[in-house]
Amino acid sequence: MTQGHPKVEQVLEVRSIDSIWMNLEKKIEGWNECITRILEIL
């Protein structure tokens, strides 16, 4: 085993976490828009 592999795995993990956070932020933004629309209707 070379010492380079753990670093590559860490980078891949960080990238996957970043993509998950991006998706979460997009969903939260969508939820905020829906909530504001509902409040305006009420």
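Below is a short write-up of the structure. (Residues numbered from 1 in each chain as written. Predicted model: local features only at pLDDT ≥ 70, side-chain atom pairs only at ≥ 80, totals over all residues. Heavy atoms only, no water.)

**A word on the overall build of the chain**
- Across its full length, the chain carries one helix and zero strands.
- Taking the principal axes of its C-alpha atoms as reference, the chain extends roughly 60 × 5 × 5 Å.
- Across the 42 residues that make up the chain, the buried fraction comes to 0%.
- Entry remark: accessible area of the chain is about 4,400 Å², with carbon and sulfur atoms responsible for 63%.
- Each charge class in the chain was averaged separately, 5 positive and 7 negative side chains, and the resulting centres sit 5 Å apart. (Helix = DSSP H or I, 4+ residues; strand = E, 2+ residues; numbered from the N terminus. Buried < 20%, exposed > 50% of the residue type's maximum accessible area, 1.4 Å probe, protein only. Areas by Shrake-Rupley, 256 points an atom, 1.4 Å probe, with all protein chains shown as cover. Lys, Arg positive; Asp, Glu negative; His and termini not counted. Charge placed at Lys NZ, Arg CZ, Asp CG, Glu CD.)

**Notes on a nonpolar patch on the surface**
- Nonpolar side chains collect at one region of the surface, where Ile17, Ile20, Trp21, Leu24 and Ile28 lie side by side and expose about 500 Å² of accessible area between them.
- Within the secondary structure layout, tryptophan 21 lies in helix 1 (residues 4–41). (Patch = residues over 30% accessible without salt bridge, like charges linked within 9 Å, V, L, I, M, F, W, Y side chains within 5 Å. Salt bridge = Lys/Arg side-chain N within 4 Å of Asp/Glu carboxyl O.)

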